[in-house]
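Take a look at the letters that make up each chain.
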Amino acid sequence: MAVSRREFLKGSAAAVALSALGAPVLAATGSAGPDKWVKGVCRYCGTGCGVLIGVKGDKAVAIKGDPNNHNEGKLCQKGALLIPAVVYAKDRITDPMIRKGGKKSPLEKVSWEEALDFAAKHFRETIQKDGPQAVAYYGSGQALTEESYLANKIWKAGLRSNNVDGNPRLCMASAVAGYLTSFGKDEPMGTYNDIDNATCFFIIGSNTSEAHPILFDRIARRKESSPDVKIIVADPRRTNTARIADMHVPFKPGTDLALLNGMANVIFREELDNTRFIDRYTAFKKGTGEAASLEEYKAFVAEYTPEKVQEISGIPAADVVKIAKLFAESTAAVSLWCMGINQRSKGVWANNLIHNLHLITGQIGRPGATPLSLTGQPNACGGVRDTGCLAHLLPAGRMVENEQHRNQMEDFWGVPRGTIQPKMGLHTVALFENMVQGNVKALFIHCTNPAHTLPHLNKYTPALEKAFVAQTECFMDAETLKYADVVFPAAFWCETDGVYGCTERRYALTEQAIPPLGNSRPVIQVLMDFAKRVGVDPKLMPYKNAADIWEEWRKLSKGSPYDFFGITRNRLKKESGIKWPCPTEDHPGTNLRYVRGEDPLVPKDHPDRIFFYGSPNGKATIWLRPHQPPFEPADAEYPFVLTTGRVIDQWHTATMTGKVPELHRAYPSAFVEINPDDAQKLGVKNGDQVVLETRRDKMTFPARITDTCMPGLVFCPFFDKAKLVNRLFHDAVDAASKEPEYKICSTKVYKQA
Amino acid sequence: MAAKKPLLIIALLLALAGGFYLYINIIFPPVRCEAAKHPEAPEQYADCLECHLKVTPATAQNWRESKHGVLLVKCVVCHGLPDGKGSVPFAAKPGVQDICVRCHEPAMKQMVEKYGAELECDSCHPHHQNPMHRRAFEAKKPSKTSF
Ligand code: SF4
């Protein structure tokens, strides 16, 4: 590499100066390294990269990728810059705070005792006056597994309220319902290993490159290893993910259900279906739940001719055929999807239709052949879905409304039968709606920022103004703090210990590396101290630390379809993540779930190679689901479609990444992406202020003219608290999963006068 | 008197060397990046590509086409911020043991095991010129990238 004149001169000047002093020429960053490296998991996304935290004295000073975890030592820029900027951010909350004179009064620092008493008094009085249904817990896919398990138990068995929900409702609920309805149990059957074996990638509704960078690296490496590996990216935006694609297929937003049914049609027409697999391992169902036959299914998808798909979606008929053939003819196809499929008013159906493609072709249960739903948050899978920390769930795949399941949990938790309420609690949107109406009066928020992330914010922020809000938080700039009556300073990430479970059923432990900053405390401590004061029997919470909670949860999983009894705390300390099912301590973990000889829960002598033991008949379900338009498609009055999403450098509401100058300055504020053709028609130039006006609200953003968006589509990132783009969105939810449709609403777009 | 002479010469040399060092630092300030010339927009120091496409188009294009570019490992991740305010020190040539190691430690260890010596990664794997697609995309000219 050429040395510039300045560098040379400066270097020689320094050398002359230093050598004249007789000192050695020191490296610029020659400080001594950390005393020790502590193993953990990245705080951010659902990829769940392993990290090593460098500790010197009682300070975290460095971070690097864990070479023994799936990421093989690599981290993306978010993970690589977690330390020191985020851990030691200036606005870390280190003392408990309360508002003594109602919502309008300032947050004042108080002692832990005072804050806990203050919060507990409100909850206790609310329960006495209005019953347990008037209090709720709103958790997070970023909370530790132990925290979510504990909160769920405190609420459902201790306070007798099923109002336990959280932000996974906003991101993964449709994927959960998709796996449940297609396979009988939640969570993917494949793992990241499938990426290394796939010969065809069907990526739909996922900007993997920016939302899951290290997985994207793995896909790119697979592509690099052989030109025969084909990548299809179906997305109305031509994102960075499409850069490695053989085919980028843009389509009219919200028409992917037609594409998926159309692909199924082509697969049958071209005789690329796997009849043996269909006969042996699948059953068909109509939308009503009634059984259907293969012939009925074929007739159903036959309506979705390539030409009809073209008409609905704008994808050329020839491309529909090509994608279907690439998928079905490949030796091993993996589908990857994320919020583009989940955050939709027909999100569950879209999930089912992806599973259908794998089931009719038998692209499942082999290395590289699997439908792998990418999860957004680092612990939505393990922490919330598996522990049942949602309004309708109980731990390990049990349902609130199933009496047998309730009884099992009551017996296990040692509470009288009938303790757990038989009716499911309020899902997120209903919960906030009930808060607005005054039915739910006190809310405990943990590790999430609903005042920034709920849909139709203008409708739901009054909920937070009305109800009593207790909140755990690490950073002072979280939007929701504006509404908090009590703030508990939470120990951040490596200041406490706990398990995260990522996309691939991998449980991994972050060990405590440093003491909690200031007066902050581990949240399990906060939850227990709070619950005892509200009146929950201390016998329900006999835990000294997070390891005790893990021990209980591990025992509870034994014998269930989520069996991870073999994943002991000790193993987690030694190993960089283990994939369940893992029933015994000597079991290495499972790559191919539901496959005989791979999945320990399939009997060794099972007559079939694949056994979908999650469903009562042992078969996966192929669903007859028609195409349906989105809740609010573009129309003459609101002619554009607005969609939202992530950018690589910012995480969620930027309370963490916003502290890292390298990340924040890459995207300091929100913008709107507009296609050059649209921009020309609207007379908008790069940087112009553009108004987005929907039926709910209007907001102004600087324009970025780029062909990332197809004509008719505009995109805004959602990280910027100065531009709460969710104010523009409606609150339509999927009928089954109750997940809101953040990906599509109609809008006017015009240049600010 | 004679004993003082060498001391005087040393002091003089020191003063000269110090002066030279200062002079170079003043004439060639440590922050020369284009971005630093836009103090009115420090918020955009991390958006290097926009300016570097104009001022150093070959380097910018190379990065964009490289593995780091495809994976969006942006300039600041290795080079730091021009005003030095980030956690990565600003450097035109990031140190192998400080920067590369953060992601590539396993590969670096392998190389040391294989060749027995610590090498500069860059001599064989130019950071900005290691294409993602190797032969896989060879036929597809011109570049898939458009700005
Ligand atoms: S890919 Fe996700 S988990 Fe991995 S380092 Fe980046 S943010 Fe962290």
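Residues numbered from 1 in each chain as written. Chains lettered and ligands numbered in written order. Predicted model: local features only at pLDDT ≥ 70, side-chain atom pairs only at ≥ 80, totals over all residues. Heavy atoms only, no water.

Give a description of the overall build of chain B that names residues and reports values.
In terms of helices and strands, chain B carries seven helices and zero strands. Mapped in sequence order, the helices and strands of chain B form the string α-α-α-α-α-α-α. Put simply, chain B has 147 residues, and 28% of those count as buried. Taking the contacts inside chain B whose residues are at least 6 apart along the sequence as the reference set, 52% of them involve residues at least 24 apart. Roughly 9600 Å² of accessible area belongs to chain B as shown, and the carbon and sulfur atoms make up 64% of that amount. (Helix = DSSP H or I, 4+ residues; strand = E, 2+ residues; numbered from the N terminus. Buried < 20%, exposed > 50% of the residue type's maximum accessible area, 1.4 Å probe, protein only. Contact = heavy atoms within 4.5 Å. Areas by Shrake-Rupley, 256 points an atom, 1.4 Å probe, with all protein chains shown as cover.)

So what's going on with the packing of helix H4 (residues 145–159) of chain A against helix H22 (residues 523–534) of chain A? Which residues, and what values?
Residues and elements named next belong to chain A. Their axes nearest at 9 Å, the elements H4 and H22 cross at an angle of 10°. Between H4 and H22, the angle is such that the two are roughly parallel. Where H4 approaches H22, its residues Glu146, Glu147, Leu150, Ala151, Ile154, Trp155 and Leu159 are matched on the opposing element by Val523, Ile524, Leu527, Met528, Phe530, Ala531 and Val534. Taken together, the residues of the contact of H4 with H22 break down into 12 nonpolar, no polar and two charged. (Axes fitted to C-alpha atoms, helices over the stretch in contact; angles between N-to-C directions. Parallel < 35°, antiparallel > 145°, perpendicular 65-115°, else oblique. Nonpolar A, V, L, I, M, F, W, Y, C, P; charged D, E, K, R; others polar.)

Explain the domain arrangement of chain A residue by residue, including any values.
All names here are of chain A. Each assigned domain of chain A is listed with its residue range as follows: domain 1 (1–30), domain 2 (97–165 + 390–558), domain 3 (173–378 + 620–624) and domain 4 (640–729). The C-alpha centroid of domain 4 is placed 28 Å from the C-alpha centroid of domain 3. Each partner contributes to the interface: domain 3 provides 15 residues, whereas domain 4 provides 15 residues. By the criterion of area lost to domain 4, the three top residues of domain 3 are Glu210, Arg237 and Arg238, representing 50% of everything that side buries. For the interface between domain 3 and domain 4, the tally reads two salt bridges. Its salt-bridge partner being Glu673, residue Arg237 comes within 3.0 Å of it at the nearest N-O pair. (Domains from an automatic or database assignment. Buried area = accessible area lost by both parts, 1.4 Å probe. Salt bridge = Lys/Arg side-chain N within 4 Å of Asp/Glu carboxyl O.)

Which residues make up the site of the ligand, and what values do they have?
Residues and elements named next belong to chain A. Cys42, Tyr44, Cys45, Thr47, Gly48, Cys49, Leu75, Cys76, Lys78, Gly79, Pro213 and Ile214 make up every residue found near the ligand. Of all the secondary structure elements, the ones that give two or more residues to the shell around the ligand are helix H2 (77–80) and helix H9 (213–225). Taken together, the residues of the shell around the ligand sort by class into eight nonpolar, three polar and one charged. (Near = heavy atom within 4 Å.)

Any chance you could break down the sheet that holds strand E21 (residues 506–510) of chain A for me, citing the residues and the numbers?
Sheet strands pair via backbone hydrogen bonds, and the direction of the pair is either parallel or antiparallel. In space, the three strands of this open sheet follow the order E20-E21-E22 (chain A), with antiparallel pairing throughout. In this open sheet, the two strands that pair with only one neighbour each are strand E20 (498–501) and strand E22 (578–579) of chain A. (Pairing = 2+ DSSP bridges.)

Requested: an account of the nonpolar core, with residues and values cited.
Residue and element names in this part refer to chain A. Among the nonpolar cores identified, the biggest contains 128 residues, and Ile53, Phe123, Trp155, Phe201, Phe488 and Trp493 are the most heavily contacted of them. Per element, the largest residue contribution to this core is eight residues, and it comes from H22. The next biggest cluster of nonpolar side chains, apart from the first, holds 60 residues, and it includes Met189, Phe202, Ile232 and Ile364. (Core = buried A, V, L, I, M, F, W, Y, C linked by side-chain atoms within 4.5 Å.)

Can you break down the environment of Leu642 of chain A residue by residue, with the values?
Residues and elements named next belong to chain A. In this fold, Leu642 is placed in strand E24 (residues 640–645). Leu642 gets classed as buried once you look at its relative accessible area, which sits at 0%. A sequence separation of 599 residues divides Leu642 from Arg43, and the C-alpha atoms of the two residues are 29 Å apart. Discounting residues that sit within four places of it in the chain, Leu642 has contacts with Leu692, Val714, Cys716, Val725, Leu728, Phe729, Lys743, Ile744, Cys745 and Thr747.

Hey, could you go over unusual backbone geometry for me, with residue numbers and the actual values?
All names here are of chain A. At the junction of Ile83 and Pro84, the peptide bond is cis and its omega measures out at 0° in the coordinates. Relative to the helices and strands, Pro84 resides in the loop between H2 and strand E4 (97–99). Trp580 connects to Pro581 through a cis peptide bond whose omega is 0°. Relative to the helices and strands, Pro581 is located in the loop between E22 and strand E23 (620–624). Although it is not a glycine, Cys447 sits at a positive phi angle of roughly 65°. Secondary-structure assignment places Cys447 in the loop between strand E17 (442–446) and helix H20 (450–453).

Lay out the environment of His104 of chain B in plain terms, naming residues and giving numbers.
Tracing the chain through its elements places His104 of chain B in helix H6 (residues 96–115). His104 of chain B sits 17 residues away from Cys121 of chain B along the chain, and the two C-alpha atoms are 9.8 Å apart.

Mind laying out the sheet that holds strand E8 (residues 200–204) of chain A, listing which residues take part and the relevant values?
All names here are of chain A. As summarised here, the arrangement of the five strands in space is E10-E9-E8-E13-E14, forming an open sheet in which the pairing is parallel. Looking at the sheet topology across the chains shown, the edges are occupied by strand E10 (247–249) and strand E14 (370–373). Taken pair by pair, the neighbouring strands of this sheet meet at an average axis angle of 15°, ignoring direction. Packed onto the sheet, helix H10 (residues 256–269) meets E8 and strand E9 (230–234) and runs at close to 155° relative to E8. Along the sheet, helix H16 (residues 347–361) contacts E8, strand E13 (333–337) and E14; its crossing angle with E13, the most-contacted strand, is approximately 175°.

Outline the confidence of the model for chain A, supporting the account with residue identities and numerical values.
When pLDDT is averaged along chain A, the result is 94; 96% of the residues meet or exceed 70. Low pLDDT, under 50, characterises residues 1–30 of chain A; the predicted model gives this stretch 33 contacts beyond four residues in sequence or across chains. (pLDDT = per-residue confidence, 0-100.)

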